[in-house]
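Results of the structural survey
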Amino acid sequence: MHTLVLLRHGESTWNLENRFTGWTDVDLTPTGVTQARDAGRLLKAEGFEFDLCYTSVLKRAIWTLWHCLDTMDRTWLPVVNRWQLNERHYGALQGLNKADMAQQYGDAQVLVWRRSYDTPPPPLTAEDPRCERSDPRYSGLSTEQVPLTECLKDTVARVLPLWHEELAPQIRSGKRLLVAAHGNSMRALVKYLDGISDADIVGVNIPNGIPLVYTLDVDLKPVAKRYLGDAEAVAAAAAAVAAQGQARP
Ligand SMILES: O=C(O)[C@@H](CO)OP(=O)(O)O
């Protein structure tokens, strides 16, 4: 048996402002820092140990991992940053308010943009100042690898090769992994691990800063899965994420 822990970043400044974020590199809020440290406390209290950590190249996930590890007194653990763990690219919606968009286009359209498997939001243009193609952290990628928008299917197409080529072999070799990532890069991985259909993934929302623990068999098939902490609080936090895409009453 293997243990894998996934952790969505704590609340970010744009989570608080209810703005589509995607590849925009925004910071944690004080609440987000507290959530990350609480995640570390929960993991430590249950005696979790890790050999290797993975995160994205976006600071809300990086800081979440650092705060979590600091709370566990494990800042010395090796950390690998991979752009493939970045949040799904939100295209031309990046920076816009989710409730405003629901007011303008309707809750159903915003749900399609946020949660459908294969409908991407409208793309950025390459000339848009929000476009990340000239960002030095992506200088090793081809132009096409830096997306102008993504649906979840596109995110799956970059997360799964990382899973098969790096994460899964590390786990098989006996390493205990902690992966700090984002709502939709985690949904991509959860969809694969749990065999969730394209239709059912629409209803899956990942709360901020709560460790999700998988027990995997020798073939890396999940035999158990649980969020740490109070189950009602976890459900309420996931429901709050789902509600972010609704127009204000
Ligand atoms: O804006 C985003 O990048 C993501 C995560 O915060 O939002 P959503 O939950 O709408 O996919």
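Right above here is the structure, for reference.
As the structure is a prediction and not an experimental result, all values here were calculated from the model.

About the thresholds
The residue numbers shown here count from 1 along each chain, following its written sequence. Where totals are concerned, whole chains, interfaces and linings use all residues; where local detail is concerned, this predicted model gives features only for residues with pLDDT of at least 70, and gives and counts side-chain atom pairs only at 80 or more. The side-chain numbers reported here are obtained from all heavy atoms of the structure, hydrogens and water having been left aside. What makes a residue near a molecule or strand is one non-hydrogen atom of that residue sitting within 4 Å of it. Between N or O atoms, a polar contact is any pair within 3.5 Å; within protein, one atom must be a potential hydrogen donor and the other a potential acceptor, and residues adjacent in sequence are included only when both atoms are from side chains. Surface exposure here means Shrake-Rupley accessible area, sampled with a 1.4 Å probe, where a residue is shielded only by the protein chains that are shown. Under this grouping Gly is polar, as are all residues other than the nonpolar Ala, Val, Leu, Ile, Met, Phe, Trp, Tyr, Cys and Pro and the charged Asp, Glu, Lys and Arg. Numbering goes from the N terminus for both helices and strands, where a helix is a DSSP run of H or I of at least four residues and a strand is a run of E of at least two. Contact criterion: two residues are considered in contact whenever any of their non-hydrogen atoms come within 4.5 Å of each other. Strands qualify as paired when DSSP identifies two bridges or more between them. Simply put, an axis is a line fit to the C-alpha atoms, just over the touching stretch for a helix, and the angle between two N-to-C directions goes from 0 to 180 degrees.

All residues in the neighbourhood of the ligand are listed as Arg8, Asn15, Arg19, Phe20, Thr21, Gly22, Glu87, Tyr90, Lys98, Arg114, Arg115 and Asn184. Contact between the ligand and Tyr90: an oxygen atom at 2.7 Å from a side-chain N or O atom of the residue. Taking Lys98, its side chain carries an N or O atom lying 2.8 Å from an oxygen atom of the ligand. For the ligand, the protein covers 99% of the area, taking 310 Å² as the surface of the free molecule. Residues that form the shell around the ligand fall into these classes: two nonpolar, four polar and six charged.

You can see His2 is positioned in strand E1 (residues 2-8). A distance of 3.2 Å separates the side chain of His2 from the backbone oxygen of Ile171, its partner in a polar contact. Those residues within four positions of His2 in sequence are excluded, and the remaining contacts are Ile171, Arg172, Tyr214, Thr215, Leu216, Asp217, Val218 and Leu220.

Okay, the environment of Pro123 next. Among the secondary structure elements, Pro123 is positioned in the loop between helix H5 (107-115) and helix H6 (152-172). Along the sequence, Pro123 and Gly106 sit 17 residues apart, while their C-alpha atoms lie 19 Å from each other. If we skip the residues at most four places from it in the chain, Pro123 touches Gly91, Ala92, Leu148 and Thr149.

With that settled, the discussion passes to the sheet that holds strand E5 (residues 212-216). With mixed pairing, the six strands of this open sheet are ordered in space as E3-E2-E4-E1-E5-E6. One side of each edge strand has no neighbouring strand; the edge strands of this open sheet are strand E3 (79-81) and strand E6 (222-227). Averaged over all neighbouring strand pairs, the angle between strand axes comes to 20°, with direction disregarded. Note: strand E2 (residues 52-55) against E3, three bridges, orientation parallel. For Tyr54, the partnering residue across the bridge sits in E3 and is Val80.

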